[in-house]
Amino acid sequence: MTVSPQAIDAIAEVVGRGHVVTDPAMTAGNCTDWTGRFVGQTPAVVRPGSTGEVAAVLEVCNRHRIAVVPQGGNTGLVGGGVPLAGEVVLSLARLNHLGVVDAVQPAVTVGSGVTLATLHSHAAASGLAYGVDLAARDSATIGGTIATNAGGLRVIRWGDTRAQLLGIEAVLADGRVVSHLGGLVKDNTGYDLAGLLCGSEGTLAVVTAARVRLVPRHSHRTVALVGFADVGTAVQSALRWTTAIGGVEAVEFVTGAGVDLVCDAQAIPLPLPARWAAYILVEAAADTDPTDAMAAVITATPGVGDVAVGRTAGERSRLWTYREGHTEAINRVGLPHKLDVTLPHAALAGFINDVPSAVEHVAPNARTWLFGHVGDGNVHVNVTGADPDDNSVDDAVLRLVAARHGSISAEHGIGTAKKQWLSLNRSPAELSVFAAIKSALDPEGILNPNVLLGG
Ligand code: MLT
Ligand code: ZN
């Protein structure tokens, strides 16, 4: 789309000329998603420094019908945060205000540009923690994780991002500010705007701040990495451990092939004495050492192979490397089709077994990589070696998911990558409600118009 010089001038008047970046060499990073699969271009990256500036910028954009893509740390994986149709990028990075932690009713208000890692350190300084964590923590922002309702590693204990929200401040498409940051745990005063905006992928409003609950920071934490000879036994054991292990926070799945790939990428040895077909990483945290109780459950589980245990921060992080190293190691193989899905627990092992042949059927030269948050039913299906523009792989995997009553997006969102398959999970009646909400909140259709329902 073309944006008139007058509109750019009006935006620059709000944020200052230095915060309107138009040089393509400087905006290239904002126009390419993390995987490299989604690449666009923009007339300008606009960097407001306050909620008031976001409001004034949106008022200008709405008046001039300028499409806007809100952007946080640009760690999204479904092409939902990059300007694929020449939209203006609204970077929220400068909204990095950290409020005072309330330790009595554990919560804090933070700007949407604060990174997850910064929020973790801020909460830790008050002896608390934030319940959402994920590998992209150093770049992913609170605003971005709200826009996508990010899940990550600790959903089985603390829930997804929506479950952390006690209040939200956001700017509507026409520049009006909606703010409800009082943070009361019980607050039944009408529609839950925080819940609605969370997961709306920047299509309904631009989140500028949030009040989030904080959780206890436990003094003892243990990680175990366990090898299994077959995927089915690994997955069934993992699902049992989500309730059998006290204080369990994470139950993650990787395959032998995925671990080999991480070892190659990082030039590190295999994690266990033998190579296993599947591995489960389990982490527990408590105020007393959870190691013995955790070890008792693991060793009593039929089919368990080698086990490595990490208690110190260094040992734990060594074991996590084999899980968290997957995303980068897969990207080194080639541009991945990233299909992030949830299956009902009873269907999970069968799906993991069957999905590689479903992919091979439509893309014989492609390679399927499987890993993820198996404790909550979420598996990341990554496919390399298929043309980035060839959607037959996506189609085969997402139809298999729907046929088995799963969700085509567990935590990454719909973005542009999955919008053509949304009707696999959502009925015509639901989609018409979505469309009505979108046109009520954004009648000119300027907010991230090409994701979720649009385009
Ligand atoms: C993860 O679980 O590591 C993230 O969702 C990123 C990814 O799927 O690659
Ligand atoms: Zn994930």
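Because the structure is a prediction, the values reported are computed rather than measured.

### Concerning the side chain of Asp-340
Move 1: Along the chain, Asp-340 falls in strand β15 (residues 337-342).
Move 2: No salt bridge is formed by the buried Asp-340; its nearest oppositely charged neighbour, Lys-418, is found at 4.5 Å.
Move 3: Within the structure, Asp-340 has its side chain in polar contact with the backbone nitrogen of Glu-411 (distance 2.8 Å).

### Details of the packing of aromatic side chains
Move 1: Here the structure, examined in full by the defined rule, presents one aromatic pair.
Move 2: Sitting above the plane of the Trp-369 ring, Arg-367 keeps its charged end 4.4 Å from the centroid.

### Topic: the sheet that holds strand β4 (residues 88-91)
Move 1: Pairing in this open sheet of four strands is mixed, and the strands run β1-β2-β4-β3 from one edge to the other. Edge positions in the open sheet fall to β1 (20-21) and β3 (68-71), since each of these has one partner strand only.
Move 2: Pairing between β3 and β4: four bridges, direction parallel. Bridge pairing links Gln-71 to Ser-91 in β4.
Move 3: Each of β2 (45-46), β3 and β4 is contacted by helix α3 (residues 51-63), which is oriented at about 165° to β4, the strand it contacts most.

### Considerations on the domain arrangement of the protein
Move 1: Annotation of the protein at the domain level lists domain 1 (5-91), domain 2 (107-216), domain 3 (220-326) and domain 4 (334-429).
Move 2: Taking only C-alpha atoms into account, the centre of domain 1 sits 30 Å from that of domain 4.
Move 3: Domain 1 puts nine residues into the contact, and the matching count from domain 4 is 13 residues.
Move 4: Counting the surface lost from both domain 1 and domain 4, the interface buries some 920 Å², and carbon and sulfur atoms represent 62% of this.
Move 5: The largest contributions to the domain 1 side of the interface with domain 4 come from Arg-37, Leu-77 and Val-78, which together make up 71% of the buried area.
Move 6: Applying the counting rule to domain 1 against domain 4 returns one salt bridge.
Move 7: Counting every contact that joins domain 1 to domain 4 gives six residue pairs in polar contact (both at pLDDT 80 or more).

### A look at the nonpolar core
Move 1: Counting 48 residues, the largest nonpolar core has Val-235, Phe-253, Ile-280, Val-282, Phe-351, Ile-352 and Val-381 as the members making the most contacts within it.
Move 2: Of the residues forming this core, the biggest block, seven residues, is contributed by helix α13 (residues 345-362).
Move 3: Ignoring sequence-local partners within four residues, the contact set of Ile-280 consists of Ala-224, Leu-225, Val-226, Phe-228, Ala-234, Ala-238, Trp-241, Val-251, Glu-252, Phe-253 and Val-374.

Definitions and limits used
Numbering of residues starts from 1 in each chain and follows the order in which that chain's sequence is written. Chains and ligands are labelled sequentially in the order written, the chains with letters from A and the ligands with numbers from 1. With the structure being a predicted model, the display of local features is reserved for residues of pLDDT at least 70 and the display and counting of side-chain atom pairs for 80 or more, all residues being used for whole-chain, interface and lining totals. Side-chain numbers come from the whole structure's heavy atoms, not from hydrogens or water. Starting at the N terminus, helices and strands are each numbered in turn, a helix being any DSSP run of H or I of at least four residues and a strand any DSSP run of E of at least two. Type-normalised accessible area, obtained with a 1.4 Å probe on protein chains alone, sets the label of each residue: buried when under 20%, exposed when over 50%, and partly exposed for intermediate values. Charge counting treats Lys and Arg as positive and Asp and Glu as negative, with His and both chain ends excluded. Salt bridge, as applied in this entry: a Lys or Arg side-chain nitrogen positioned within 4 Å of an Asp or Glu carboxyl oxygen. In the analysis that follows, any N or O atom pair within 3.5 Å is treated as a polar contact, provided that within protein one partner can donate a hydrogen and the other can accept it, and provided that, for residues neighboring in sequence, both atoms belong to side chains. Centre distance within 6.5 Å is the pairing criterion for rings of Phe, Tyr and Trp, where only the six-membered ring of Trp is used; planes under 30 degrees apart are then read as stacked, over 60 as edge-to-face, and the remainder as tilted. A positively charged side chain is recorded as over a ring if its NZ (Lys) or CZ (Arg) lies within 6 Å of the ring centre. The angle to the ring normal must also be within 35 degrees. One requirement defines pairing of two strands: DSSP has to find at least two bridges between them. Note on contacts: a residue pair qualifies if any of its non-hydrogen atoms lie within 4.5 Å across the two residues. Axes here mean lines fitted to C-alpha atoms, for a helix over just the part in contact, with angles spanning 0 to 180 degrees between N-to-C directions. Source of the domain bounds: an automatic or database domain assignment. Computed with a 1.4 Å rolling probe, the buried area is the accessible surface lost when two parts are put together, summed over both parts. To form a nonpolar core, buried Ala, Val, Leu, Ile, Met, Phe, Trp, Tyr and Cys residues must be joined to one another through side-chain atoms within 4.5 Å.

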